[in-house]
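Coordinates in review
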2 protein chains.
Amino acid sequence: MPAIAVHGGAGDIPPAELTPEREAAYRTGLEQALRAGQRILEAGGPSLDAVVAAVQVLEDNPLFNAGRGAVIAANGICELDASLMEGRDLRAGAVTGLRHVKSPIGLARLVMDVSPHVMLSGQGAEEFALEQGLEPVANRYFVTERRQRELAAALDASAGSFRESLMGTVGAVALDAAGDLAAATSTGGMTAKRWGRVGDSPVIGAGTYAANDCCAVSATGHGEYFIRATVAHEIASLIRYAGKSVREAADIVVHGQLQQMGGEGGVIVVGRDGTLALPFNSRGMLRGSIDAQGRMTTGIL
Amino acid sequence: MPAIAVHGGAGDIPPAELTPEREAAYRTGLEQALRAGQRILEAGGPSLDAVVAAVQVLEDNPLFNAGRGAVIAANGICELDASLMEGRDLRAGAVTGLRHVKSPIGLARLVMDVSPHVMLSGQGAEEFALEQGLEPVANRYFVTERRQRELAAALDASAGSFRESLMGTVGAVALDAAGDLAAATSTGGMTAKRWGRVGDSPVIGAGTYAANDCCAVSATGHGEYFIRATVAHEIASLIRYAGKSVREAADIVVHGQLQQMGGEGGVIVVGRDGTLALPFNSRGMLRGSIDAQGRMTTGIL
């Protein structure tokens, strides 16, 4: 009965970037994340633990734009965002602008569990992390050679000509044996981002949402559009109030509303009965799932 | 046909704080904000201009917790948040953690109009403000003697015993002659807040939302609950998908969902036909409106 899905970003992935080795590495990374979540669900653990475990595997994997391997902002620094939500009591935690917290999703969980707040940002969020005893890491921990090359390409390009091939974000949604839903999302944002830009990933209702009466959602794509369309809560509302199925609701938002606005990307959704939907309107979305029958699948294009 | 509503915070306003002089000053401030918006609407101007003008009057008025007169964080600094949205194209702008921007709602508007982003935070947002030619103000500009007394009381109080009497935030919603809706919200957050806490005010879908097919919403109250309940977009969804009227939708969220969670506060809502709803579940909410018939009213308890 438990089910879990993960994503590792969406976008116009050029075939040249998708060598057989790279594709195998992406699929392996997605499978490792799924298994980390599945182990918890199979043992009867909560969906919240499962989505955090799955996202932490992706944060630790330098291939994905979250945690280590995050894209680099225009100032040469990695600035990380994350959020999570559990569907039983609608509790939530979110962090933005982190520079020295190894697992942003882990800190989002502490914000939810320990602080009286839902969302913390920047130096204040890092102060909270230190008070909670988290060992800080140097910003260099997150930086990889590949992301440095991408930043150089972005800064070299004449204004606007650089286009992120894979709009990164990682995320997970899960249903556990107790019927509880949860969602988690973590990201490094956009390459060469400026001005403390905040995307949809740490915005509850946009990049992340979970409610036991309808679904859990994690999104990935061009964050500005996802905030304006309140993507995750819109999918929940279509299920809750418009009588749509999980798949219909996800398609209406991804292939209808977002596409009409010009918003590229996708979502992963799990319904209260374990139904999964992983639609995207971009060329590809790194994704994987283990359905209620235990079948694992991964996909890229 | 145009209509406009404003709020200046909600909470358990103690009678002792509500002297006749203070009450008169609150009402005058609300009326000034309403008239600033009304002037624009009557001249056939856009609702977006009207809500920004109304909110800027409240930001400039030291009585209200936004702009000058904002509450003070635990570090002695005012940190300001704001957001706005227009209902025609679902464009939006949001800023958080500002320390030197005189009108946070003005900067949110620039984020929407000029930057490719929706949400900017902290020093990055201030860098963007400087690039846009905004004259910075010293943080001291925002600080008032009353808020310093409140901060001292909050820091003196044993942990958790200080309770904000008026959860401040100011906001405005409007419908213009062209049928366009808009919403704007601005705040100093919570007295003695720590850790870069972000409330619902700068979160699109929580503190602010507007869409021409249903309504414009600005919220005020205990922000953490308002984020978890995705208050503004939930009201829109009840109208859009559940066939609720503006008043029904606002009541369901404020007196139903929020009350059940323990979330105190209120909202102002204007529908596409100019219907107004200003419900609150706290003891009071500073509020005012000019309805489609041109009748101005203000209220506190």
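Bear in mind the structure is a predicted one, so any value in this text is a computation, not a measurement. (Residues numbered from 1 in each chain as written. Chains lettered and ligands numbered in written order. Predicted model: local features only at pLDDT ≥ 70, side-chain atom pairs only at ≥ 80, totals over all residues. Heavy atoms only, no water.)

1. Comments concerning the nonpolar core
By size, the foremost hydrophobic cluster in this structure holds 95 residues, and its most contacted members are Ile235 and Val267 of chain A together with Ile235 and Val267 of chain B. Beyond its immediate stretch of four places on either side in the chain, Ile235 of chain A contacts Cys215, Val217, Ala249, Ala250, Val253, Val267 and Val269 of chain A. Formed by 54 residues, the second largest nonpolar core is a distinct cluster that contains Ile4, Val52, Phe64 and Ala70 of chain A. (Core = buried A, V, L, I, M, F, W, Y, C linked by side-chain atoms within 4.5 Å. Buried < 20%, exposed > 50% of the residue type's maximum accessible area, 1.4 Å probe, protein only. Contact = heavy atoms within 4.5 Å.)

2. Regarding the relation of the copies chain A and chain B
The operation relating chain A to chain B is a screw motion whose rotation component is 180°, with 0.0 Å of axial translation and a residual RMSD of 0.0 Å. The symmetry that links the two subunits is that of a two-fold axis. Among all residues of chain A, the minimum C-alpha distance to the rotation axis is found for Tyr241 of chain A, at 2.7 Å. Take the interface residues of chain A: 100% of them recur as interface residues in chain B, which is what a same-surface contact looks like. (Least-squares fit on C-alpha atoms with pLDDT ≥ 70 in both.)

3. Brief notes about the sheet that holds strand 10 (residues 265-271) of chain A
All names here are of chain A. Reading across the sheet, the four strands line up as 8-9-10-11 and stay open at both edges, with antiparallel pairing between neighbours. At either end of the open sheet lies a strand with only one pairing partner, and these are strand 8 (208-211) and strand 11 (276-277). Direction of pairing for strand 8 relative to strand 9 (residues 215-221): antiparallel, over a ladder of four bridges. Bridging from a neighbouring strand, Ala210 pairs with Ala216 of strand 9. Each of strand 10 and strand 11 is contacted by helix 8 (residues 246-261), which is oriented at about 160° to strand 10, the strand it contacts most. (Pairing = 2+ DSSP bridges. Helix = DSSP H or I, 4+ residues; strand = E, 2+ residues; numbered from the N terminus. Axes fitted to C-alpha atoms, helices over the stretch in contact; angles between N-to-C directions.)

4. Structural notes on the interface of chain A and chain B
On the chain B side, the residues contacting the 40 residues of chain A number 40 residues. Of the roughly 3400 Å² buried between chain A and chain B on both sides combined, carbon and sulfur atoms contribute 62%. The largest share of the area that chain A buries against chain B comes from Trp195, Arg228 and Tyr241 of chain A, three residues that together contribute 24% of it. For the pair chain A and chain B, the interface holds four salt bridges. For Glu131 of chain B, the salt bridge identified is with Arg194 of chain A, shortest N-O distance 2.7 Å. Where chain A meets chain B, there are 26 residue pairs in polar contact (both at pLDDT 80 or more). (Buried area = accessible area lost by both parts, 1.4 Å probe. Salt bridge = Lys/Arg side-chain N within 4 Å of Asp/Glu carboxyl O. Polar contact = N/O pair within 3.5 Å; in protein donor to acceptor, adjacent residues only side chain to side chain.)

5. Some remarks on helix 7 (residues 231-241) of chain B
A large share of helix 7 of chain B lies buried, amounting to nine of its eleven residues. Within helix 7 of chain B, the full set of buried residues consists of Val231, Ala232, His233, Glu234, Ile235, Ala236, Ser237, Leu238 and Ile239 of chain B.

6. Thoughts on the pattern of salt bridges
The full count for this structure, using the stated rule, is 32 salt bridges over all chains. Of the charged contacts, one joins Arg109 of chain A and Asp49 of chain A as a salt bridge, the two residues approaching to 2.6 Å between their closest N and O atoms. Within this pair, whereas Arg109 of chain A is found in helix 3 (residues 104-114), its partner Asp49 of chain A is found in helix 2 (residues 47-60), the two being separated by 60 residues in sequence. Between Glu234 of chain A and Arg240 of chain B there is a salt bridge, with the nearest N and O atoms lying 3.3 Å from each other. Within this pair, whereas Glu234 of chain A is found in helix 7 (residues 231-241), its partner Arg240 of chain B is found in helix 7, the two belonging to separate chains. Each of Asp49, Glu86, Arg91, Arg109 and Asp113 of chain A takes part in one network of salt bridges that share partners.

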